[in-house]
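Chain by chain, the residues:
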Amino acid sequence: MSNKQFDVVVIGAGPGGYIAAIRAAQLGFSVACIDEWANDKGGPAPGGTCTNVGCIPSKALLQSSEHFEHAGHAFKDHGIEVSGLALNLGQMLKRKNTVVKQNNDGILFLFKKNKVTFFHGRGAFAGAQGAEGYPIAITGPTTETINAKQVIVATGSNPRALPNAPFDEKLVLSNTGALAIDAVPAKLGVIGAGVIGLEMGSVWRRLGADVTVLEGLPTFLGAVDEQIAKEAHKMFTKQGLKISLGVKVESVTPGANNVTVKYADAQGAAQEAVFDKLIVSIGRVPNTNGLGADKAGLALDERGFIAVDDDCKTNLPNVWAIGDVVRGPMLAHKAEEEGVAVAERIAGQHGHTNFDTIPWVIYTSPEIAWVGKTEQQLKAAGVAYKAGTFPFLANGRARALGDTSGMVKFLADATTDEILGVHIIGPMASELISEAVVAMEFKASAEDIARICHAHPSLSEATKEAALAIDKRTLNF
Ligand code: FAD
Ligand code: NAI
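Throughout this document, residue positions are counted from 1 along each chain, in the order its sequence is written. Ligands are numbered from 1 and chains lettered from A, in the order in which they are written. In view of the model being predicted, local features appear only for residues whose pLDDT reaches at least 70, and side-chain atom pairs are presented and counted only at 80 or more, with totals across whole chains, interfaces and linings using the full set of residues. For side-chain calculations, the full set of non-hydrogen atoms in the structure is used, while hydrogens and water are omitted.

Enquirer: Where do I start with the packing of aromatic side chains in this structure?
Expert: To describe a pair of aromatic rings, you give the distance between the ring centres and the angle between the ring planes. Any Phe, Tyr or Trp ring, taking Trp's six-membered ring, that has another such ring centre within 6.5 Å forms a pair; planes under 30 degrees apart are called stacked, those over 60 apart edge-to-face, and the others tilted. Tallying each qualifying case throughout the model produces six aromatic pairs. Geometrically, the ring pair formed by F390 and F477 is edge-to-face, given 6.0 Å between the ring centres and 75° between the ring planes. Pair noted here: F390 is in strand 20 (residues 385–391) and F477 is in the segment after helix 14 (461–469), with a separation of 87 residues, a long-range link. The classification of residues rests on relative accessible area computed with a 1.4 Å probe and restricted to protein chains. Under 20% of the type maximum is buried, over 50% is exposed, and intermediate values are partly exposed. Overall, F390 belongs to the buried group, its relative accessible area being 1%. Residue classification places F477 among the exposed residues on the basis of a relative accessible area of 63%. Numbering of helices and strands starts at the N terminus; helices are DSSP runs of H or I of at least 4 residues and strands are runs of E of at least 2.

Here it is, written out as structure tokens:
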């Protein structure tokens, strides 16, 4: 019997892969998507890192832990007295798992709706391109070989471990373990003050852990606009996160019930700390395990990413790669944009991903969100710019919400007034940043935003006011 033949086979059903599969099916191709992720019952759990152990469960726990913290003190100011407040961590984790499952099931439903054939198992190149395309071998719950005229590789990334300290997910935790701790640790260590370290550190601090974050670099959130990063450092420290910068971790030694970390502090002095749990969040590495890249001759770059050009084309004809497994920011929405663009290129259209307008969000409290250049990047590039900031303290909606932390900051070209970057720290920054993304995509000036009517009272008025601040014309500050 001959192998099943597909126009497009997508390997990996994370946000990059499942979106690419749906878009390719919308464009009229016969499409298969293969994913090996299994739920606790061994069934398929499409959605990748993002859905299973990333974006979705982390945001579920961030929301729950924020409610818990607010119930503890913030509600009182609103005249809501809560007595007998108690944490039911089991229920909190159960809810998070339910949210994950809803997303897994949603993707399976979308595959059916769009007539994407889903295979549960590992997909691997079984050889080079032949007359019938590429043979892709599936192993696992499904075992069969299918043929693909076009292949989209979307195999994602894995957490990077410290040398000599493998993840055991009991004491030394990656993101997977960090999202499933079953009792609040009295002392939690976090190595790496990046996005995961700050988000997961915030969750467990809100639930009662004493959290120490050890960061290797001397600067806090180096990729973030300096003014915003400084503000964030101040606020997180005030909340109780103990952040040490410029440390050098020497060793991580798990014991029976705790883990000892030896490190040199910023002054070079030897330090030792004992934690009940340790989260290691020092970045992620591309995942090409078991993909059979060598069987087809698929080239990787020097850092292990699948080598691609600006259009996500690999060195092989009709093989594309997208998302975390290729260069660029490791973000779900970047993976999705590449997935859509590649499906459209396969259809002969001009798919496009604009790397200059990809928003970043850190879902701490307050949230941090930005798009475009930071002030330090503009200085380094010698670009003449104007800056305008507006604090949420002066925003009526923020006062009504009871969250006046942070600011909106605009950076615009000194001559043309074109918006070069927008940086927000404050309530709902993740939502507010969209206006800036749209504005930058349309090459708007700060004056354009300053002259657009924004609803009152709304947090978005702070965006308009920050644009007005560029020419020192704020109306409410
Ligand atoms: P993945 O989501 O990693 O999916 C790859 C899929 O391919 C997986 O299901 C894997 O099992 C499967 N696979 C791999 N190899 C094979 C094979 N050979 N055969 C079959 N299947 C295979 N990004 C954001 O934008 N916003 C956030 O809020 C956010 N929060 C995050 C929080 C955490 C804790 C983490 C760890 C990450 C977070 N990210 C977030 C990053 C985001 O999860 C990734 O950028 C995104 O998942 C990348 O999508 P992808 O499709 O490239 O890969
Ligand atoms: P990260 O790159 O954000 O941060 C890693 C941090 O660890 C950096 O500050 C780095 O300097 C530090 N570090 C590296 N090696 C170290 C060492 N040996 N000792 C001490 N510190 C060290 O990586 P993270 O947090 O692991 O997240 C991975 C990626 O996942 C992120 O870059 C992001 O792309 C994605 N993500 C996105 C989220 C979002 O969009 N909200 C949330 C979580 C993850």
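Enquirer: What am I meant to see in a nonpolar patch on the surface here?
Expert: On the surface, I80, V82 and L85 cluster together into a nonpolar patch covering about 230 Å² of accessible area. Tracing the backbone through its elements, the reader meets L85 in the loop between helix 3 (55–77) and helix 4 (89–113). Residues enter patches when they are more than 30% accessible in relative terms and free of salt bridges; like-charged ones are connected within 9 Å and nonpolar ones (Val, Leu, Ile, Met, Phe, Trp, Tyr) within 5 Å. Per-residue accessibility takes into account occlusion by the displayed protein chains alone, with areas from the Shrake-Rupley method and a 1.4 Å probe. What makes a salt bridge here is a side-chain nitrogen of Lys or Arg within 4 Å of a carboxyl oxygen of Asp or Glu, nothing more.

Enquirer: Just to check I follow, could you spell out the UniProt feature "domain: FAD/NAD(P)-binding" (unreviewed entry) in the protein chain for this structure?
Expert: UniProt positions are given in the numbering used here, feature names are shortened, and annotations may be inferred rather than shown by experiment. As recorded in UniProt, the feature "domain: FAD/NAD(P)-binding" (unreviewed entry) lies at residues 6–339. Secondary structure content for residues 6–339 is 32% helix and 25% strand, and the end C-alpha separation is 17 Å.

Enquirer: I tried to follow the UniProt feature "binding site: FAD" (unreviewed entry) in the protein chain on my own but got confused; where do I start?
Expert: In the UniProt entry, the feature "binding site: FAD" (unreviewed entry) is given for K59, G123, T155, G156, S157, D324, M330, L331, A332 and H333. The named residues occupy 275 residues along the chain; their greatest pairwise C-alpha distance, 29.5 Å, places them well apart from one another. Among the annotated residues just listed, those that line the second largest pocket are K59. Taking relative accessible area as the criterion, G156 reaches 17% and is therefore assigned buried. Contacts are residue-level and defined by heavy atoms, with any inter-residue pair within 4.5 Å sufficient. Sequence-distant contacts of G156, that is, excluding residues within four places in its chain, are made with P286, N287, D324 and V325. If you trace the backbone, D324 turns up in the loop between strand 17 (319–321) and helix 9 (332–346). For D324, a relative accessible area of 16% gives the class buried. Sequence-distant contacts of D324, that is, excluding residues within four places in its chain, are made with G156, S157, R284, P286, F305, M330 and L331. A polar contact of 2.8 Å, which involves the side chain of D324, links it to the side chain of S157. Residues are said to line a cavity or pocket when one of their atoms sits within 4 Å of a point; the points come from a 1 Å grid over protein atoms alone, cavities being sets where a 1.4 Å probe fits but cannot get out and pockets being open sets with protein on both sides within 12 Å along at least five of seven lines. For the purposes of these results, a polar contact is taken to be a pair of N or O atoms within 3.5 Å, where, inside protein, one atom must be able to donate a hydrogen and its partner to accept one; residues adjacent in sequence count only when each atom of the pair is a side-chain atom.

Enquirer: Please explain the site of ligand 1 as it appears in this structure.
Expert: One heavy atom suffices: a residue is near a molecule or strand as soon as one of its heavy atoms comes within 4 Å of it. Contacts to ligand 1 come from 38 residues, most closely from D35, T49, K59, G123 and D324. Take D35: an N or O atom from its side chain is 2.7 Å from an oxygen atom of ligand 1. One of the backbone N or O atoms of M330 is found 3.2 Å from an oxygen atom in ligand 1. Burial of ligand 1 by the protein amounts to 94% of the accessible area it has alone, namely 1000 Å².

Enquirer: Please explain helix 3 as it appears in this structure.
Expert: Since the α-helix turns once every 3.6 residues, residues separated by three or four places project in the same direction. With 23 residues, helix 3 extends 31 Å between its outermost C-alpha atoms, agreeing within 8% with the 33 Å of an ideal straight helix rising 1.5 Å per residue. A residue's bend is given by the angle between axes fitted to the 7 residues ending at it and the 7 residues starting at it. Along its length, helix 3 reaches its greatest deviation from straightness, about 55°, at A71. Those residues of helix 3 that sit buried are P57, S58, A60, L61, L62, S64, S65, F68, E69 and A71. In the core, the buried residues of helix 3 are packed alongside helix 2 (48–53), helix 4 and helix 6 (195–206). A positive backbone phi angle near 85° is found at G79, which sits one or two residues after helix 3. For a helix, the expected span equals 1.5 Å multiplied by the number of residues minus one.

Enquirer: How should I be thinking about the sheet that holds strand 22 (residues 419–426) in this particular structure?
Expert: Note: strands within a sheet are paired through backbone hydrogen bonds, in either parallel or antiparallel orientation. Pairing between strands requires that DSSP locate at least two bridges from one strand to the other. Strand order across the open sheet formed by five strands is 18-19-22-21-20, with antiparallel pairing between neighbours. Each having just a single partner strand, strand 18 (360–362) and strand 20 make up the two edges of the open sheet. With strand direction ignored, the average angle separating the axes of adjacent strands in the sheet is 10°. Only C-alpha atoms enter the line fits that serve as axes; for helices the fit covers just the stretch in contact. Angles between N-to-C directions range over 0 to 180 degrees. Sitting on the sheet, helix 7 (residues 226–239) touches strand 19 (367–372), strand 20, strand 21 (407–413) and strand 22, and the angle it makes with strand 22 is about 5°. Helix 14 contacts strand 20 and strand 21 of the sheet and is inclined by roughly 140° relative to strand 20.

Enquirer: Explanation requested: the domain arrangement of the protein chain in the structure shown.
Expert: Interfaces are often sized by the accessible area lost when the parts come together. Domain segmentation is taken from an automatic or database assignment of domains. When the domains of the protein chain are assigned, the result is domain 1 (5–156 + 287–347), domain 2 (165–282) and domain 3 (359–470). Averaged C-alpha coordinates put domain 1 and domain 2 at centres separated by 28 Å. The interface is formed by 17 residues belonging to domain 1 together with 16 residues belonging to domain 2. Using a 1.4 Å probe, buried area is obtained as the accessible area two parts lose upon being combined, added over both of them. Sorting the residues of domain 1 by area buried against domain 2 places V53, L62 and L89 first, and these three jointly supply 35% of that buried surface. Put simply, domain 1 and domain 2 have two salt bridges between them. Note that K59 and E199 form a salt bridge whose closest N and O atoms lie 2.9 Å from each other. At the boundary of domain 1 and domain 2, one finds six residue pairs in polar contact (both at pLDDT 80 or more). Taken together, the elements giving at least two residues each to the side of domain 1 that touches domain 2 come down to helix 2, helix 3 and helix 4. Among the elements that line the side of domain 1 that touches domain 2, the one with the most residues is helix 3, at nine residues. Residues were grouped as follows: Ala, Val, Leu, Ile, Met, Phe, Trp, Tyr, Cys and Pro as nonpolar; Asp, Glu, Lys and Arg as charged; and all remaining residues, including Gly, as polar. Residues of the side of domain 1 that touches domain 2, tallied by class, amount to nine nonpolar, four polar and four charged.

Enquirer: How should unusual backbone geometry be read in this particular structure?
Expert: Among all residues save glycine, negative phi is the norm, and among peptide bonds the norm is trans. Cis geometry marks the peptide bond from S365 to P366; its omega dihedral reads 0°. Checked against the element boundaries, P366 lands in the loop between strand 18 and strand 19. Notably, N318 is not glycine yet its phi reads approximately 65°, a positive angle. Backbone geometry at D417 places phi at a positive 70°, although glycine is not the residue there. Positionally, D417 belongs in the loop between strand 21 and strand 22.

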